[in-house]
Amino acid sequence: MTLRLTTIRLALFVGALIAAFASFALGQRGQTAPLNVVVTVAPLRGIIEPLLPPGSKITILMPPGRSEHGYEFSSQDLSTIAKSDLVFYVGLGLEPRLEQALKKEEPQSKRIEICFATALGIKSDGHEDHDEEPGDDHDTHDHAIDQHLWLDPVLVKRVVPHLGKAVKNAVVATGGAEVSAETDKRAQDLAARVAGVDEAWRARLEPFKGRAIVTHHNAFPRPAQRYGLRIAAVIRGLENAEPTAAKIEGVVRAIREEKVAAIFVEPQYNARLAERIAREAQVKVARIDPIGDGDWFSLMEQNLESLVTNLGTK
Ligand SMILES: [Zn+2]
């Protein structure tokens, strides 16, 4: 009897040990494999989030309410990156200090990096694939490559499979269980949703083909070109300096000459100057946001809504 009891106790003990070990092993292998992800600009969060295993955490490095240009990554940002499993950034010189830091990294680092521009083979020294009309003397671009890749739904759709691969690699690198099937499914769903955004922009902007707009800074050449709008002028340069009087005069002239429907101001900049220009050129002021709060789908929907509403009337 005593012996039987002891055997049962021993069996229970061994069973508990096995259960404990199994749960430890599962925990170690991270069956759900949440990832610690860092993105630079807010909209990248909305693009990568749907692909991540449940419980993953995303940190946006650039604080809301400011321009994405000339942001200096702090030492704290760099240490946040150092502790992350996966970094998603734009490239093309938008995040120079981050790119430098990633280059200097120790080779044994397991972190996975994905650069939007590199993934799509877009190079900063490459020729920009935009139509430059001969005689187009308006200062519509800074003759630098357009870094705002996330504002073009076609490019976002193209980057999704690369992001899916990066997520799978990050899960494996952190010792998580294989998540290929789930991630592929998520990537398919995401690509389909992004394709829906592209279709909506195409369909709803179709009636406004050839219309000209003015934007606060030069963030929208890609969507403009893709959906048939023209950027007649931009108010600010990418270097964040205040525009000169000559520049302002040029914007007013472009608004008149190109029958611009509206000046689209961006929440990251003070609207006062744009309002002054609008009064002078007798054009309305509307809103468009290149950054948003991290929800890419809502950003794209609100921008499309604003364009359609404000292109409708002169
Ligand atoms: Zn910008």
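No experiment lies behind these values; they were computed from the predicted model shown.

## Brief notes about the pairing of strand 5 (residues 212-215)
Stage number 1. A two-sided burial pattern is seen for strand 5, the buried positions comprising A212 and V214 on one face and I213 and T215 on the other.
Stage number 2. In this sheet, strand 6 (residues 230-234) lies alongside strand 5 in parallel orientation, the contact comprising four bridges. Paired with V214 across the two strands is A233, which belongs to strand 6.
Stage number 3. For the crossover from strand 5 across helix 8 (residues 221-227) to strand 6, the handedness is right-handed.

## Overview of the environment of V38
Stage number 1. Relative to the helices and strands, V38 resides in strand 1 (residues 36-39).
Stage number 2. Sequence separation between V38 and D77 is 39 residues, and the spatial gap between their C-alpha atoms is 9.4 Å.
Stage number 3. Excluding residues within four positions of it along the chain, V38 makes contact with T59, L61, T80, I81, S84, L86, V87 and F88.

## Quick notes on the coordination of the zinc ion
Each pair of donors in an ideal four-coordinate tetrahedral metal site encloses 109.5 degrees, whereas pairs in an ideal six-coordinate octahedral site enclose 90 or 180 degrees.
Stage number 1. Bound to the zinc ion on the protein side are E68 (OE), H69 (NE2), H148 (NE2) and H217 (NE2), at distances that span 1.9 to 2.0 Å.
Stage number 2. One can describe the site at the zinc ion as tetrahedral: its four donor atoms subtend angles covering 106 to 114° at the metal.
Stage number 3. Along the chain, the residues that donate to the zinc ion are spaced as E-H-x78-H-x68-H. Of the two residues, H69 sits in the loop between strand 2 (57-60) and helix 3 (75-82) while H148 sits in the loop between helix 5 (116-119) and helix 6 (153-173), which places them 79 residues apart along the sequence. Residue H69 shares its accessibility class with H148, and that shared class is buried.

Scoring rules and cut-offs
- Residues numbered from 1 in each chain as written.
- Predicted model: local features only at pLDDT ≥ 70, side-chain atom pairs only at ≥ 80, totals over all residues.
- Heavy atoms only, no water.
- Buried < 20%, exposed > 50% of the residue type's maximum accessible area, 1.4 Å probe, protein only.
- Helix = DSSP H or I, 4+ residues; strand = E, 2+ residues; numbered from the N terminus.
- Pairing = 2+ DSSP bridges.
- Right-handed = clockwise from strand over helix to strand, strands pointing away.
- Contact = heavy atoms within 4.5 Å.
- Donors = N, O, S within 2.8 Å, 3.2 Å for Na, K, Ca; no water.
- Tetrahedral: all angles 85-135°; square planar, octahedral: opposite > 155°, others 65-115°.

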